[in-house]
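Understanding the architecture of this molecule
Spelled out from the first residue to the last, the chains are:
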Amino acid sequence: MNWPGRFLDAHGSSRVMKSISYTPLTPWQVELFRAYLPHIGVWLTLLQDAADMAREQRRPITWGAVIKAYCLSQADAEIAV
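Here's what I pulled together on the structure shown here. (Residues numbered from 1 in each chain as written. Predicted model: local features only at pLDDT ≥ 70, side-chain atom pairs only at ≥ 80, totals over all residues. Heavy atoms only, no water.)

Looking at the environment of Asp52
So the rule is basically this: In DSSP terms, a helix is any run of H or I states spanning at least four residues, a strand is any run of E spanning at least two, and both are numbered starting from the N terminus.
Positionally, Asp52 belongs in helix α1 (residues 27-56). Along the sequence, Asp52 and Ala65 sit 13 residues apart, while their C-alpha atoms lie 9.6 Å from each other.

Here it is as structure tokens:
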């Protein structure tokens, strides 16, 4: 299956996507996704929080910002308990 289209690269330049081939998942990959899918939401939340903090500081996002977002989320969780 091919999906033609356009996308923006890391520098904001428009690029043409020639094709992407679809490979069906193996049974172990399906099980892996089932095991880790709930945790993807946590990662997305941490990354979004880190991106928000970086935007507020007008700086690029870094792993340090992700770690800080994680620490803040853990502190919030302890306060809620």
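A closer look at the packing of aromatic side chains
Put simply, the rule is: Aromatic contacts are taken between Phe, Tyr and Trp rings whose centres are within 6.5 Å, Trp giving its six-membered ring; a plane angle under 30 degrees counts as stacked, one over 60 as edge-to-face, and the others as tilted. With a 1.4 Å probe rolled over the protein chains alone, any residue whose accessible area is under 20% of its type maximum counts as buried; one over 50% counts as exposed, and the rest are partly exposed.
As enumerated under the stated definition, the model contains 1 aromatic pair in all. Arranged with centres 6.3 Å apart and planes meeting at 85°, the rings of Trp43 and Trp63 form a pair that is edge-to-face. Here Trp63 lies in helix α2 (residues 63-80) and Trp43 lies in helix α1, a separation of 20 residues in the sequence. On the accessibility criterion, Trp43 (45% relative accessible area) is partly exposed. For Trp63, a relative accessible area of 60% translates into the label exposed.

Brief notes about unusual backbone geometry
A positive phi is found at Arg58, a non-glycine position, where the angle reads about 55°. Take Arg58: it is sitting in the loop between α1 and α2. Residue Arg58 is classed as exposed on the basis of its relative accessible area of 79%.

Notes on the nonpolar core
Quick note on the threshold: Throughout this description, the term nonpolar core refers to a set of buried Ala, Val, Leu, Ile, Met, Phe, Trp, Tyr and Cys residues connected via side-chain atoms within 4.5 Å. What makes two residues a contact is simply this: any of their non-hydrogen atoms within 4.5 Å.
If you look at the biggest cluster of nonpolar residues, it comprises 6 residues: Leu46, Ala50, Met53, Ala65, Val66 and Ala69. Not counting chain neighbours up to four residues away, the residues in contact with Ala50 comprise Ile61, Ala65, Val66 and Ala69.

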